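# Coordinate inspection notes
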Amino acid sequence: MLGGPAPRAGWPWGRGRPWGRGRPRRRGPASDGERRRGGGTRGLSPASKRHLGFSGQSPPRPSTTEMEQEKVHGSEELRAEAASYRCSACHGDEDWGLGHPIRGRAKSRSLSAAPAVASTREFRRTRSLHGPCPVTTFGPKACVLQNPQTIMHIQDPASQRLTWSKSPKSVLVIKKIRDASLLQPFKELCVYLMEENNMIVYVEKKVLEDPAIVSDDRFGPVKRKFCTFREDYDDISNQIDLIVCLGGDGTLLYASSLFQGSVPPVMAFHLGSLGFLTPFNFENFQSQVTQVIQGNAAVVLRSRLKVRVVKELRGKKVAVPNGISENGVLAAALDAEVLNEVVIDRGPSSYLSNVDVYLDGHLITTVQGDACPAGVIVSTPTGSTAYAAAAGASMIHPNVPAIMITPICPHSLSFRPIVVPAGVELKIMLSPEARNTVWVSFDGRKRQEVRHGDSISITTSRYPLPSICVRDPVSDWFESLAQCLHWNVRKKQAHFPEDEEDADEEAGAGRAGS
């Protein structure tokens, strides 16, 4: 699955209707139009051509009336097929019917691709949302074996626009904790959302326990209207239509951790330190929030990693609620959705870190590192500008479907960061020769120890984080590179004085005349 699993763009984020969804097209060996033109037959045997209706001679040109009737009949046939089509190569709940309207500037196209016949059952679908539609004929006689069970959807990132099936009514406001400078923006935003837009505002309970908010009597009537929740206790995933973050990049990571499935659209205001992922300024927040509520905004799908940590249960047998059987051994599993990166390091041990990295079941390398944080980083394109960039990795645009593997302090001069397709499955385990354990963390949180026999499985999640853009995904990203990381910032070379330029031109003209 080189392009990775298709992000759940066809499902609601929170309770919003998906934006810009195109209609999938099924392609067989050749379309009716290709038969009329005599195309689409390369690589087919004479028997196959006779079976498909090819005679080897150009048929007579149909009349205008016949073409119109055939066009209508073909459209009805396509609609009937697509309405009942379910992709068996994907998840069982994924329906490619035409029930959802086409919205925004959708430019969705579909392309069939399949493996050899012998490996059809083991094939995993290739789907990518970003990139040009590849040509599947190679030279005069080779082409990709067509299979309607396998579809690759490609969408122009510029067409990714936010829309709502109904006006959003509930909003989650995430504020950076223990920052007094954010209290006034937080109050202004909440008052605007509740009094001007009549929205239900959710906040974390510990936010309202701030002494400055508790002692503010004027904010009391507004505070009583809040809906509160506690992390790891209350599930609000099906109650939120929109998320607004006030702070730095950490608020966006925290919002991602609250939603382990579908994530509502996130609007992040830059009120923190770095703000690479928070493109909005708070000065004119009223007009910006209004545009988002009205559905007039671009959005970038930030892919996340689906992580499962399987641990062997050692010692006495105990009942585990989410216990699973791994190779006949009772084990406990921990699942997580990660926006930035998964970091595996040696922790407090003084020995070399020694972990094996598998890709789709094949051992590709053993990571040996010798330093306090030595290990390996598995990051998304969003995370490529975070810890991975500090470890020497390249920076990847969030629209690129990929997973980056970056070593931390490798004990090898030739170990460079690599980028692998988004659809692969990575598995990381302690090497049998390892002298110590390692530690794993997810976006810098939930750090835990990994021992011999434990495993960490990582692949691209089906649930991306839809981050709302100020302008568009490309402009916002390069703006953040320049403003936050000062990418390629240097003094420009001074140009020649005008008299020297004139002298050079005259000298050049003299040489040309001679």
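The preceding data block contains the structure.
Anyway, here's the lowdown on the structure attached to this text. (Residues numbered from 1 in each chain as written. Predicted model: local features only at pLDDT ≥ 70, side-chain atom pairs only at ≥ 80, totals over all residues. Heavy atoms only, no water.)

## What about unusual backbone geometry?
Rules: Comment: elements are numbered from the N terminus, with helices defined as DSSP H or I runs of at least four residues and strands as E runs of at least two. Think of it in three bands: residues with accessible area under 20% of the maximum for their type are buried, residues over 50% are exposed, and the middle band is partly exposed, with areas taken using a 1.4 Å probe on protein chains only.
Even without a glycine there, the phi angle at Asp232 is positive, about 70°. As for its placement among the helices and strands, Asp232 is situated in the loop between β7 (227-229) and β8 (242-247). On the basis of relative accessible area, Asp232 is assigned to the exposed category, the value being 68%. With a phi angle near 50°, Asp360 is a residue other than glycine that sits in the positive phi range. Along the chain, the position of Asp360 falls in the loop between β15 (353-359) and β16 (362-369). Relative accessible area serves as the criterion here: at 35%, Asp360 is assigned to the partly exposed category.

## Quick notes on the environment of Ser215
What counts is decided by this rule: Two N or O atoms form a polar contact when they lie within 3.5 Å of each other; inside protein one atom must be a possible hydrogen donor and the other a possible acceptor, and for residues adjacent in sequence the pair counts only when both atoms belong to side chains.
In this fold, Ser215 is placed in the loop between α5 (211-214) and α6 (220-223). In terms of polar contacts, Ser215 uses its side chain to reach the backbone carbonyl oxygen of Pro211, at 2.9 Å.

## A closer look at the environment of Lys306
Note that Lys306 resides in strand β11 (residues 305-312). Between the C-alpha atom of Lys306 and that of Tyr463, which follows or precedes it by 157 residues, the distance is 8.8 Å.

## Topic: the nonpolar core
Put simply, the rule is: The definition of a nonpolar core used throughout is a set of buried Ala, Val, Leu, Ile, Met, Phe, Trp, Tyr and Cys residues joined through side-chain atoms within 4.5 Å. Any two residues whose heavy atoms approach within 4.5 Å are treated as being in contact.
Residues Phe186, Leu189, Val201, Phe226, Phe269 and Val289 are the most contacted members of the largest nonpolar core, which totals 33 residues. Listing elements by their share of this core, those giving two or more residues are β5 (170-175), α4 (183-196), β6 (200-204), β8, β9 (266-270) and α8 (285-293). With seven residues, α4 is the single largest residue contributor to this core. Residues within four places of Val201 in sequence aside, it is in contact with Val171, Val173, Cys190, Leu193, Met194, Phe226 and Cys227. Core analysis: the second largest hydrophobic core is formed by 28 residues, Val309, Val355, Ile403 and Ile456 among them.

## Considering the sheet that holds strand β19 (residues 418-421)
Condition: Here the rule is simple: two strands pair whenever DSSP picks up at least two bridges between them. Axis lines are fitted through C-alpha atoms, for helices just across the contact stretch, and the angle between N-to-C directions can take any value from 0 to 180 degrees.
Taken in spatial order, the six strands line up as β19-β18-β17-β14-β21-β22 in an open sheet, and their pairing is antiparallel. Each edge of the open sheet carries a strand with a single partner, namely β19 and β22 (445-450). Recorded for the sheet is a direction-independent mean angle of 20° between the axes of neighbouring strands. The sheet contact formed by strand β14 (residues 341-345) and strand β21 (residues 438-442) spans four bridges and is antiparallel. Residue pairing across strands places Val343 opposite Ser441, the latter belonging to β21.

## Quick word on the packing of aromatic side chains
So the rule is basically this: Paired rings are identified among Phe, Tyr and Trp, the last through its six-membered ring, by centres lying within 6.5 Å, and are further divided according to the angle between planes into stacked (under 30 degrees), edge-to-face (over 60) and tilted (the rest). Criterion for a charge above a ring: Arg CZ or Lys NZ at most 6 Å from the ring centre, at most 35 degrees from the ring normal.
Overall, the coordinates contain nine aromatic pairs when judged by the stated rule. Here Phe269 and Phe282 contribute two aromatic rings whose centre-to-centre distance is 5.5 Å and whose plane-to-plane angle is 75°, an arrangement assigned as edge-to-face. In this pair, Phe269 is assigned in strand β9 and Phe282 in the loop between β9 and α8, connecting sequence segments 13 residues apart. We note that Phe269, like Phe282, is buried. The ring of Phe219 has Lys187 sitting right over it, with the charged end atom 5.8 Å from the ring centre. Directly above the aromatic system of Tyr233 lies the positively charged group of Arg230, at a separation of 4.6 Å from the ring centroid.

## So, helix α10 (residues 473-484)
Note the cut-off: An expected span of 1.5 Å times one less than the residue number is assigned to each helix. Here the arc refers to the directions that run from the helix axis out to each C-beta atom.
Taking 1.5 Å per residue as the helical rise, α10 with its twelve residues ought to reach 16 Å, and the 16 Å between its terminal C-alpha atoms agrees with that figure. The set of residues buried in α10 consists of Pro473, Asp476, Trp477, Ser480, Leu481 and Cys484. Angularly, the buried residues of α10 cover 135° about the axis, an arc narrow enough to put them on a single face. Next to the buried residues of α10 lie β10 (299-302). At the N-terminal boundary of α10, the capping side chain belongs to Asp472, with an oxygen 3.1 Å from the backbone nitrogen of Val474. Positive backbone phi, at 55°, marks His486, one or two positions downstream of α10.

## Points about the side chain of Lys175
The criterion, for reference: The charge count treats Lys and Arg as positive and Asp and Glu as negative. His and the chain ends do not count. What counts as a salt bridge is simple: a side-chain nitrogen of Lys or Arg found within 4 Å of a carboxyl oxygen of Asp or Glu.
Within the secondary structure, Lys175 sits in strand β5. Buried charge without a salt bridge: Lys175, with Asp210 as the nearest opposite-charge side chain at an N-O distance of 4.5 Å. Excluding its chain neighbours within four sequence positions, the residues that come into contact with Lys175 are Leu182, Leu183, Phe186, Val207 and Leu246.

Spatial relationships are all this shows, so hold off on functional conclusions.
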